[in-house]
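So you can see what is in the structure, the chains are spelled out below.
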Amino acid sequence: MISSKDYMWSVAANLIREQDFSLFHIEDQLGINDHFPTLHFIKNVGRRYLYLRLVSIDFIWPNHLQQEMEQAVIKADQISRQVSANRMDFFNIYLFQAIPTYEIQQMIAQSSKTLGNHLDLFFGYVDLENQQLGIPEGAFEYLKITKEPFVDSFSNPISIEPEQLIEEMKEIQKRKEEEYKQVFQFGKPILTYFLIAINAVFFLLMTLKGGSTDTEVLLDFGAKESFLITQGEYWRLFTPIFLHIGFLHFALNNVALHYLGQMTERIYGSTRFLLIYLFAGIIGNISSFLFAPNNIGAGASGAIFGLFGALLYFGYVNPDLFFRTMGKDIISVIMVNLVFGMVVPNIDNYAHLGGLIGGFLIAAIVHLPNQKHNKWLVTLTATMILLIVSVSTWWGINGREVKGSEALLLKGEKALQNNNLNEAHTLFNQLVKSYPDNPYAHYYFASTLLKEGQLEQAAAYYQKSLELQPKLYQAHYYLALISIFEKNEQEAIQHLQKALEINPDFNEAKQLLKEIQ
């Protein structure tokens, strides 16, 4: 018959070598049988932990066992709180050299329980004399461990000294740490700094052109404007990644890029990192285009949230390493930023969410370097979702009425000044439909129609602008010009007099009035 010590260390060797457990504590004093040790093992996948105790017992009274089990429950609850486990399974296995009494067997069989939603306790025993397990079959399946170590150690025990196994475990741990280092040092953060430099160059150029908060400057540099995208300016789904609105926006995004970019580029390598960053930024802008079409958009936030998404994919593939290192911090920062975006005005949360999802999807397609287990189902799903996004974007551009922003006035005014009448007509026609209460939309559309020679329509829109803004004296002036062309000098005089009532210093009206009187 195998001794309790040999059996215990044989099981320990198998758990460490084959099932990825760590032996982190050897307890020599039980308070029951001082010369029999207890081995403590732990294993986790993400934030789900399995804590296993092998307790070697020579002889025990039922009341002593009851006390030990009660202490085990207390210990389990304490440990689950210390490691912040989402879920912990606490498995206590008692090794008896001689067959335990029926009363003790029943106590052990009836003691498994659930404490709250995060902690399950399992109790079982090993009868070394009869080479039998007093452990329910379902326990092994539920805990996702095999029973072979416990069965095979009866007849084919692994002969090993505790000191040797501890040294072996240290070597295993050392190899794991080296593998972890390789994971976090696959690439060098070269492109991260390059992207920060590009952002800085664009911010400087925008500042020199009039300021990054100036709407006209933003439009000129390629900010997201949904109606212009539907008119063929597709680059506005890409260029906003490098633009920022104000110094605070620029500073916060680039600080985030500095930290997240380094981390992501080290894990994925430069090529994958760049693909994730750029495509996540584009998907973020597509999301904003589809769900917030009336706002001007700019900023690297969608791309930066894409890096969060890539790190979440890393956590999906390597949950143990993810939660052991950065997992809780990453998830907390994502949640804080999303909530912040919901409660603070003028933050495009659709771009953030789109970037986050896009980063995860792109990461699933490009994979992690040296990824051992290809997640083909996830990759296929990610590809299908991106195809759906592409179709939705095509529909949004070609088959959907988009209102656009009132900033189109600036774009249209510039087109009108440059005599680009086709562009001006398109923009102001859209504005009078989308913003019928905006007097300047009607005024500029009227001016465009006037240059196109559509006098009757121009007059109607000038009149509408005056209804909305009676002090728009320039509208009276142009109505006077139309009246002169139509040989209605009396009406022209009335319009010029009204213009001068509003603005007595309007020299053009003075001169024209003098000429026709």
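Please read all numbers here as calculations on a predicted model, not as lab measurements. Chains are numbered independently. Their residues run from 1 in the order of the written sequence. Predicted model: local features are reported for residues with pLDDT of at least 70 only, side-chain atom pairs are reported and counted for 80 or more only, and whole-chain, interface and lining totals are derived from all residues. Where side-chain values are given, they derive from all heavy atoms of the structure, hydrogens and water being excluded.

Points about the layout of surface pockets
By rolling a water-sized probe across the atoms, one finds the places where empty space is left.
Phase 1 of the analysis: The computed volume of the largest pocket comes to approximately 980 Å³.
Phase 2 of the analysis: The method works on a 1 Å grid over the protein atoms by themselves. A cavity is a set of points holding a 1.4 Å probe that cannot get out, a pocket is an open set with protein on both sides within 12 Å along at least five of seven lines, and residues with an atom within 4 Å of a point line them. If you trace the largest pocket, you find 38 residues lining it, with His249, Ser301, Ile347, Asp348 and His352 closest to the centre.
Phase 3 of the analysis: Elements that contribute at least two residues to the lining of the largest pocket include exactly helix 10 (247-268), helix 11 (270-291), helix 12 (301-317), helix 14 (327-343) and helix 15 (349-366). Grid points are joined across faces, edges and corners, and a volume is the space filled by probe spheres set on the points. Only runs of H or I of at least four residues qualify as helices and only runs of E of at least two qualify as strands under DSSP, and these elements are numbered from the N terminus.

As for the confidence of the model for the protein chain
Phase 1 of the analysis: Every residue carries a pLDDT, the predictor's confidence in it, which falls somewhere between 0 and 100. Here the protein chain averages 88 in pLDDT, while 96% of its residues score no lower than 70.
Phase 2 of the analysis: Per-element mean pLDDT across the protein chain ranges from 71 in strand 5 (residues 113-115) up to 97 in helix 7 (residues 190-209).
Phase 3 of the analysis: The contact rule is simple, with two residues in contact once any of their heavy atoms fall within 4.5 Å. Counting interchain partners and residues more than four positions distant, the pLDDT-below-50 stretch residues 29-34 has 13 contacts.

As for the packing of aromatic side chains
Phase 1 of the analysis: Any two of the Phe, Tyr and Trp rings considered here, Trp counted by its six-membered ring, make a pair once their centres fall within 6.5 Å; the pair's planes then place it as stacked at under 30 degrees, edge-to-face at over 60, or tilted in between. On inspection of all chains with the given rule, the structure shows 32 aromatic pairs.
Phase 2 of the analysis: Between Phe445 and Tyr461, the aromatic rings sit 4.8 Å apart at their centres with planes inclined by 70 degrees, giving edge-to-face as the arrangement. Here the residue Phe445 occupies a position in helix 19 (residues 439-451), and Tyr461 occupies one in helix 20 (residues 455-468), the gap between them amounting to 16 residues.
Phase 3 of the analysis: Here the term buried applies to any residue with accessible area under 20% of the maximum for its type, exposed to any over 50%, and partly exposed to those in between, with areas from a 1.4 Å probe on protein chains only. Under the relative-accessibility criterion, Phe445 is labelled buried at 3%.

Notes on empty space enclosed by the protein
Phase 1 of the analysis: According to the stated counting rule, one finds one cavity of 30 Å³ or more in the structure shown.
Phase 2 of the analysis: The computed volume of the largest cavity comes to approximately 30 Å³.
Phase 3 of the analysis: Every residue along the wall of the largest cavity is listed here: Ile16, Phe21, Ser22, Met169, Ile172, Gln173 and Lys176.
Phase 4 of the analysis: In terms of residue count, helix 6 (residues 162-184) provides more of the lining of the largest cavity than any other element does, four residues in total.
Phase 5 of the analysis: The residue inventory of the lining of the largest cavity, partitioned by class, reads four nonpolar, two polar and one charged. Residues are sorted three ways: Asp, Glu, Lys and Arg are charged, Ala, Val, Leu, Ile, Met, Phe, Trp, Tyr, Cys and Pro are nonpolar, and all the rest, Gly among them, are polar.

Structural notes on the packing of helix 1 (residues 4-18) against helix 6
Phase 1 of the analysis: To define axes, lines are fitted to C-alpha atoms, for helices over the stretch in contact only, and angles between the resulting N-to-C directions are given on a 0 to 180 degree scale. The interhelical angle for the contact between helix 1 and helix 6, taken along N-to-C directions, is 10 degrees, at an axis separation of 11 Å. Compared by their axis directions, helix 1 and helix 6 come out roughly parallel. Between helix 1 and helix 6, the contacting residues are Lys5, Trp9, Ala12, Ala13, Ile16 and Arg17 on the first element and Pro162, Leu165, Glu168, Met169 and Ile172 on the second.
Phase 2 of the analysis: When the residues that make up the contact of helix 1 with helix 6 are grouped by side-chain class, the tally is eight nonpolar, no polar and three charged. If an angle is under 35 degrees, it is roughly parallel; if it is over 145, roughly antiparallel; if it lies from 65 to 115, roughly perpendicular; otherwise it is oblique.

Describing the packing of helix 11 against helix 15
Phase 1 of the analysis: One way to put it is that helix 11 packs onto helix 15 with a least axis distance of 7 Å and a crossing angle of 140 degrees. Here helix 11 lies oblique to helix 15, going by the angle between them. In the crossing of helix 11 with helix 15, the sense of the turn from one axis to the other is right-handed. Mapping the contact onto sequence places Arg272, Leu275, Ile276, Phe279, Ala280, Ile283, Gly284, Ser287, Ser288 and Phe291 in helix 11 and Tyr350, Ala351, Gly354, Gly355, Gly358, Gly359, Ile362, Ala363 and Val366 in helix 15.
Phase 2 of the analysis: Residue composition of the contact of helix 11 with helix 15, grouped by class: eleven nonpolar, seven polar and one charged. Definitions for this section: a left-handed crossing has its near helix turned counterclockwise from the far helix by less than a right angle. A right-handed crossing has that turn clockwise.

A few points about the pairing of strand 4 (residues 87-96)
Taken residue by residue, a regular strand's side chains alternate between the two faces of the sheet.
Phase 1 of the analysis: Across the ten residues of strand 4, nine count as buried, placing the element largely inside the fold.
Phase 2 of the analysis: In this analysis, strands are considered paired if DSSP registers two or more bridges between them. Relative to strand 4, strand 3 (residues 48-57) is paired through ten bridges, and the arrangement is parallel. When the bridges of strand 4 are listed, Tyr51 appears paired with Phe90.

A word on helix 19
Phase 1 of the analysis: Between the first and last residue of a helix there are one fewer steps than residues, each counted as 1.5 Å, and that sum is the expected span. The terminal C-alpha atoms of helix 19 lie 19 Å apart, and with 13 residues this matches the ideal 18 Å at 1.5 Å per residue to within 8%.
Phase 2 of the analysis: Taking burial as the measure, the 13 residues of helix 19 include ten buried ones, the bulk of the element.
Phase 3 of the analysis: Among all positions in helix 19, only Pro439, Ala441, His442, Tyr443, Tyr444, Phe445, Ala446, Ser447, Thr448 and Leu449 are buried.
Phase 4 of the analysis: In this fold, the buried residues of helix 19 make contact with helix 17 (408-417), helix 18 (421-434), helix 20 and helix 21 (473-485).
Phase 5 of the analysis: Polar contact is the term for a pair of N or O atoms within 3.5 Å; when the atoms are in protein, one must be able to donate a hydrogen and the other to accept it, and sequence-neighboring residues count only if both atoms are side-chain atoms. For helix 19, the N-terminal cap is Asn438; the gap from its side-chain oxygen to the backbone nitrogen of Tyr440 is 2.9 Å.
Phase 6 of the analysis: One or two residues past the end of helix 19 sits Gly453, with phi positive at roughly 85 degrees.

Side note on the environment of Arg324
Phase 1 of the analysis: Counting through the fold element by element, Arg324 comes out in helix 13 (residues 319-325).
Phase 2 of the analysis: Separated by 112 residues in sequence, Arg324 and Pro436 place their C-alpha atoms 57 Å apart.
Phase 3 of the analysis: Excluding its chain neighbours within four sequence positions, the residues that come into contact with Arg324 are Asn44, Gln173 and Tyr180.

Digging into the side chain of Glu233
Phase 1 of the analysis: Here Glu233 lies in the loop between helix 9 (226-230) and helix 10.
Phase 2 of the analysis: Setting aside chain neighbours within four positions, we find Glu233 in contact with Leu228 and Lys411.

Some points on unusual backbone geometry
Phase 1 of the analysis: Positive phi values are uncommon outside glycine, yet Lys144 reaches one of about 60 degrees.
Phase 2 of the analysis: In this structure, Lys144 sits in the loop between helix 4 (137-143) and helix 5 (148-155).
Phase 3 of the analysis: The exposure class of Lys144 is exposed, given its relative accessible area of 67%.

Description of the pattern of salt bridges
When the charged atoms of two side chains with opposite charge come close together, those side chains can pair.
Phase 1 of the analysis: Note on definitions: salt bridges are taken to be side-chain nitrogens of Lys or Arg within 4 Å of carboxyl oxygens of Asp or Glu. Following the criterion strictly, the structure yields seven salt bridges and no others.
Phase 2 of the analysis: Salt-bridge contacts for Glu467 lead to Lys464; the nearest nitrogen and oxygen are separated by 3.9 Å. Note that Glu467 and Lys464 are positioned in helix 20 at a spacing of three residues, about one turn of the helix.
Phase 3 of the analysis: For Glu467, a relative accessible area of 58% translates into the label exposed.

Section: the nonpolar core
Phase 1 of the analysis: Tyr268, Tyr277, Tyr313, Phe314 and Ile330 are the most contacted members of the largest nonpolar core, which has 40 residues in total.
Phase 2 of the analysis: Elements supplying a minimum of two residues to this core: helix 7, helix 10, helix 11, helix 12, helix 13, helix 14, helix 15 and helix 16 (376-398).
Phase 3 of the analysis: Of the residues forming this core, the biggest block, ten residues, is contributed by helix 12.
Phase 4 of the analysis: Residues in contact with Phe314, not counting those within four places in the same chain, are Val183, Phe184, Ile267, Tyr268, Leu321, Phe322, Met326 and Leu368.
Phase 5 of the analysis: With 33 residues, the next largest nonpolar core counts Tyr7, Val126, Phe140 and Met169 among its residues. Definition of nonpolar core: a set of buried residues of the types Ala, Val, Leu, Ile, Met, Phe, Trp, Tyr and Cys, connected through side-chain atoms within 4.5 Å.

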